[in-house]
Amino acid sequence: MANDILIVDDEADIRDLVAGILEDEGFTTRTARDSDSALAEVSNRRPNLVFLDIWLQGSKLDGLQLLEQIKREHADVPVVMISGHGNIETAVAAIKRGAYDFIEKPFKSDRLILVATRALETSRLKREVKELKQQAPIASTLMGHSACMNQLRQTIERAAKANSRILIVGPSGAGKELAARTLHNASGRAEGPFVVINAAAITPERMEVELFGVEQSNGEQPRKAGALEEAHGGTLFIDEIGDMPRETQNKILRVLVDQTFQRAGGTIKVNVDVRIISSTARNLEEEIAEGRFREDLYHRLSVVPIRVPPLSERREDIPELIEYFMDQISLATGLPKRQIGADAMAVLQSHVWPGNVRQLRNNVERVMILAGGGPEVIITADMLPQDVGSMVPTMPTGNNGEHIMGLPLREAREVFERDYLIAQISRFSGNISRTAEFVGMERSALHRKLKALGVG
Ligand SMILES: Nc1ncnc2c1ncn2[C@@H]1O[C@H](COP(=O)(O)OP(=O)(O)OP(=O)(O)O)[C@@H](O)[C@H]1O
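Note that this is a predicted model, so its numbers are computed, not measured. Counting of residues starts from 1 at the beginning of each chain's written sequence and follows it residue by residue. With pLDDT at 70 or above as the cut-off, local features in this predicted model cover only qualifying residues; side-chain atom pairs require 80 or more to be listed or tallied, and sums for whole chains, interfaces and linings still use all residues.

**Student:** Could you clarify how one ought to interpret the sheet that holds strand β5 (residues 101–104) in this entry?
**Tutor:** Within a beta sheet, neighbouring strands are joined by backbone hydrogen bonds and run either parallel or antiparallel to one another. Strands pair, by our definition, only if DSSP identifies at least two bridges between them. Strands are runs of DSSP state E lasting at least 2 residues, helices are runs of H or I lasting at least 4, and numbering of each runs from the N terminus. Taken in spatial order, the five strands of this open sheet run β2-β1-β3-β4-β5, and their pairing is parallel. In this open sheet, the two strands that pair with only one neighbour each are β2 (28–32) and β5. Sheet twist, expressed as the mean angle between neighbouring strand axes with direction ignored, is 20°. As paired strands, strand β3 (residues 49–53) and strand β4 (residues 79–83) are joined by four bridges and run parallel to one another. Directly across from L52, in β4, lies its bridge partner M81. The sheet strands contacting helix α4 (residues 88–96) are β4 and β5, and the helix crosses β4 at an angle near 170°. Note on method: axes are straight lines fitted to C-alpha atoms, helices fitted across the in-contact stretch only, with angles between N-to-C directions ranging 0 to 180 degrees. By the criterion used throughout, residues are in contact when their C-beta atoms, derived from the backbone, lie within 7 Å.

**Student:** What should I look at first to understand the packing of helix α13 (residues 318–333) against helix α15 (residues 356–370) in this one?
**Tutor:** Relative orientation and spacing of two packed helices are given, respectively, by the angle between their axes and the distance between those axes. Look at α13 against α15: their axes get within 10 Å of each other, and the N-to-C directions meet at 55°. Considering their axes alone, α13 and α15 lie oblique with respect to each other. As for the relative orientation of α13 and α15, their crossing is right-handed in sense. Where α13 abuts α15, its residues I318, L321, I322, F325, M326 and I329 lie against V357, L360, R361, V364, E365 and M368. Looking at the contact of α13 with α15 residue by residue, the classes come out as ten nonpolar, no polar and two charged. If an angle is under 35 degrees, it is roughly parallel; if it is over 145, roughly antiparallel; if it lies from 65 to 115, roughly perpendicular; otherwise it is oblique. By definition, turning the near helix anticlockwise from the far helix through less than a right angle yields a left-handed crossing, and turning it clockwise yields a right-handed one. The nonpolar class holds Ala, Val, Leu, Ile, Met, Phe, Trp, Tyr, Cys and Pro. Asp, Glu, Lys and Arg form the charged class, and all remaining residues, Gly among them, are polar.

**Student:** When you look at the confidence of the model for the chain in this model, what are you seeing that I'm missing?
**Tutor:** Detailed conclusions should not be drawn from predicted coordinates in areas where pLDDT is low. On a range of 0 to 100, pLDDT expresses the predictor's confidence in each residue. Looking at the chain as a whole, its pLDDT mean stands at 87, while 91% of the residues score no less than 70. Within the chain, strand β6 (residues 166–169) carries the highest mean pLDDT (97), whereas strand β9 (residues 222–225) carries the lowest (69). Long-range and interchain partners of residues 391–395, a stretch whose pLDDT sits below 50, account for eleven contacts in this model, where long-range means more than four residues apart. With a pTM of 0.67, the predicted complex shows an ipTM of 0.98.

**Student:** Got a minute to help me understand the site of the ligand in this structure?
**Tutor:** Around the ligand, the structure places 18 residues, and the nearest of them are M143, G175, K176, E177 and V357. Tallied by class, the residues present in the shell around the ligand amount to eight nonpolar, five polar and five charged. Nearness here has a simple definition: the residue's C-beta atom, placed using the backbone, must lie within 6 Å of the molecule or strand.

**Student:** Help me understand the UniProt feature "modified residue: 4-aspartylphosphate" (unreviewed entry) in the chain in this model?
**Tutor:** On the UniProt side, "modified residue: 4-aspartylphosphate" (unreviewed entry) is annotated at positions that read D53 here. Excluding residues within four positions of it along the chain, D53 makes contact with V8, D9, D10, G63 and I82. UniProt positions are given in the numbering used here, feature names are shortened, and annotations may be inferred rather than shown by experiment.

**Student:** Looking at this structure, how should I read the nonpolar core?
**Tutor:** A general trend in soluble globular proteins is that nonpolar side chains are found buried together. In this description, a nonpolar core means buried residues of the types Ala, Val, Leu, Ile, Met, Phe, Trp, Tyr and Cys, linked to one another by C-beta atoms lying within 7 Å. Counts of 20 or more other C-beta atoms within 10 Å of a residue's own C-beta define buried residues, counts of 12 or fewer define exposed ones, and intermediate counts define partly exposed ones; C-beta atoms are placed from the backbone. Of all hydrophobic cores here, the largest spans 58 residues; its most connected members are I168, A179, L183, L228, L236 and I322. Domain delimitation in this document rests on an assignment produced automatically or drawn from a domain database. If you count residues domain by domain, this core takes at least three from each of domain 2 (147–309) and domain 3 (312–389). Sequence-distant contacts of I322, defined by excluding residues within four places in its chain, comprise I340, L348 and V364. Residues V8, L39, V42 and A91 belong to the second largest nonpolar core, which totals 30 residues.

Right, here's the structure in full:
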């Protein structure tokens, strides 16, 4: 994505010269001759970098005043001052007020390009650090090598290159946001921002302000840049899009049609280049049928639909995920890693995990905190949190809800065998050969047993 540079100078020659040099280097440029037109350009779309003449003659605000105004609204946009010979002191004053650097007229093109490249790089790094801090608790690698995860990774890889809008569906905690980040990182926008907005966590009243920002009463500057503006050149991830109020759905549809929008209370059109990835745990077709979600918006958002399967459809990923979370948690907290015994692993792989990967991670953390000792400790099934163990049929009930202890031995054994084998088969994703190997039976004997028990 080409970086967008605004050049503000009252001298047309300088504007053209700077723009020409930078465009030859592949940057996109815009120019302004005075403070009014510069502020109009900034509010049309936030630039990545501003070159600003210190004098700016014949303008309402001089360079320093304009610098302050830009910094007030967009503290993170780097500004490089263009100073004439002999006003170095003013240039230094500008740096104290937040300018990134200055170049002195007459300048060589090499110096101009170097300053621009460095300013943009610094600003990119600052943004990355900010994003990393925000995502600190979120893992950045999509783990798991089950067939469905391999396929998901392949779909992400292909969809990433295609710049099209993506709708990610899947249950809560399954990894939809992580999939979206992976997609962004694999796309041509990886250098740009990844901005997250959660439609379920924001009140309908705040939604528009968060998405579109707010304009000042003079209509020139955003009082607050919205998520769409912040995501310019990158990706906007709208989590839980199914919870977006109808009113905002209408407005976001307009953004998707012409990539422009108006800030709350605003009059001017803001132009952005943003890829939208949205996600939902809801069934949007049902929401549409109930009249809660716009069908046309659904089709626009879901150019490429991606499904993140629940953890219960990829139980074979569980050992790898556990190992990964142990490493991560150990690194973050200093807690020692532990070994997971075969019985505990069987329980963990058989559990239903309604909260999916997030719940698994929380449980791994809980076990690491509660288990005493060091890395030599082996976690057994009875050391697992109660709610994990209790959903596994270690003490099963009969089909009609009767406890196993209320049955004669032969029936109790049958109930136990059936529940035990169903749990093992589900743990190995229905693979009979692997189940047979684990439970210590011949494949054909297992088949016969299952038939006899009425499991099929
Ligand atoms: N395949 C995976 N590999 C490693 N970590 C994962 C994986 N999937 C999910 N996680 C981790 O699980 C947690 C939940 O994932 P994420 O927030 O992406 O889920 P989500 O589907 O967006 O959830 P919600 O719908 O509740 O917003 C995060 O900490 C994430 O890093």
